[in-house]
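Structural overview
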Amino acid sequence: MKPEMLEKIKRDYFKLKEEYQTNVDELTRLKELEKHPLVQEYLRLQQEIEEFSPKKITEEHCLDFASEAYAMNSHHIKETNSIFVYLGTYMNSSSRDVLRGPESIRVKYNDPTAEYRVYVDLEKQRIDTLEIAIQNCALFEQTHRIIFPKSYNTVREFYDLQNAFILDAIKLGQEEAIKRVLAKSKK
């Protein structure tokens, strides 16, 4: 090996050794600082904040709060604005379940074999559905405000509408929330 090459290797060796020692010194200092109460508090807070995504801290978190506040109080709601969400048209099938009775089959809105339609009040819990016999649906839809979801997954859309309505009612007032949700009611 040429002496110049050995010199370069020596320089690189000492440079790497120095970088290593600097890293060791920094890690040692870091461990010392981590023992300080203020640094421990800082690290704890930093870890807690990292567990939240930015979305959770912003609008989605407000939606979660609104949904949770609604859930805590929904069983006390006696009077509503009578806005209903259409959940589907059904017919009973010929097969029966011993415990639950006849099975229901979802059909198209105007299916001639339909026996009933399901609606739920926007301000009530999903389990409080209304099953309206098909011959009474036209009158029900004429005398009530009905929102017809645009997707086939009407239950999911019901929850989305309900959450948006509750959050709008909290932030903008009930009248504005009604206007906004009814704007989505076009069949």
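Scroll up for the structure.
A brief look at the structure comes next. (Residues numbered from 1 in each chain as written. Predicted model: local features only at pLDDT ≥ 70, side-chain atom pairs only at ≥ 80, totals over all residues. Heavy atoms only, no water.)

**Here's the deal with the overall build of the chain**
- Helix and strand counts for the chain stand at 7 helices and 5 strands.
- Counting from the amino terminus, the chain carries its helices and strands in the arrangement α-α-α-α-β-β-β-β-α-β-α-α.
- When the 187 residues of the chain are sorted by exposure, 26% land in the buried category.
- Carbon and sulfur atoms provide 57% of the accessible area of the chain, an area that totals close to 13,900 Å². (Helix = DSSP H or I, 4+ residues; strand = E, 2+ residues; numbered from the N terminus. Buried < 20%, exposed > 50% of the residue type's maximum accessible area, 1.4 Å probe, protein only. Areas by Shrake-Rupley, 256 points an atom, 1.4 Å probe, with all protein chains shown as cover.)

**So, the nonpolar core**
- Residues I83, V85, L122, F165 and V181 are the most contacted members of the largest nonpolar core, which totals 20 residues.
- When residues in this core are grouped by element, the largest group, 5 residues, is from helix α6 (residues 154–172).
- In this structure F165 touches N81, L122, E123, Q174, A177, I178 and V181, once residues within four positions along its chain are discounted.
- The next biggest cluster of nonpolar side chains, apart from the first, holds 9 residues, and it includes Y86, Y119, I132 and F148. (Core = buried A, V, L, I, M, F, W, Y, C linked by side-chain atoms within 4.5 Å. Contact = heavy atoms within 4.5 Å.)

**Examining the packing of aromatic side chains**
- The full count for this structure, using the stated rule, is 8 aromatic pairs.
- Taking the centre distance of 5.4 Å and the plane angle of 45 degrees together, the rings of Y86 and F148 count as tilted. Note that Y86 is positioned in strand β1 (residues 83–97) and F148 in the loop between β5 (145–147) and α6, a separation of 62 residues in sequence.
- Judged by centre distance (5.7 Å) and plane angle (20 degrees), the rings of Y90 and Y116 are stacked. Here Y90, found in strand β1, pairs with Y116, found in strand β3 (residues 116–121); they are 26 residues apart in sequence, far enough to count as distant.
- In this structure an aromatic cluster arises from ring pairing among F84, Y86, Y109, Y119, F140 and F148.
- In this arrangement the basic side chain of R106 is found over the ring face of Y152, its NZ or CZ atom lying 4.0 Å from the centre.
- Above the face of the Y109 ring, R117 is positioned so that its terminal group lies 3.7 Å from the ring centre. (Phe/Tyr/Trp six-rings, centres within 6.5 Å; stacked < 30°, edge-to-face > 60°. Lys NZ or Arg CZ within 6 Å of the ring centre and 35° of its normal.)

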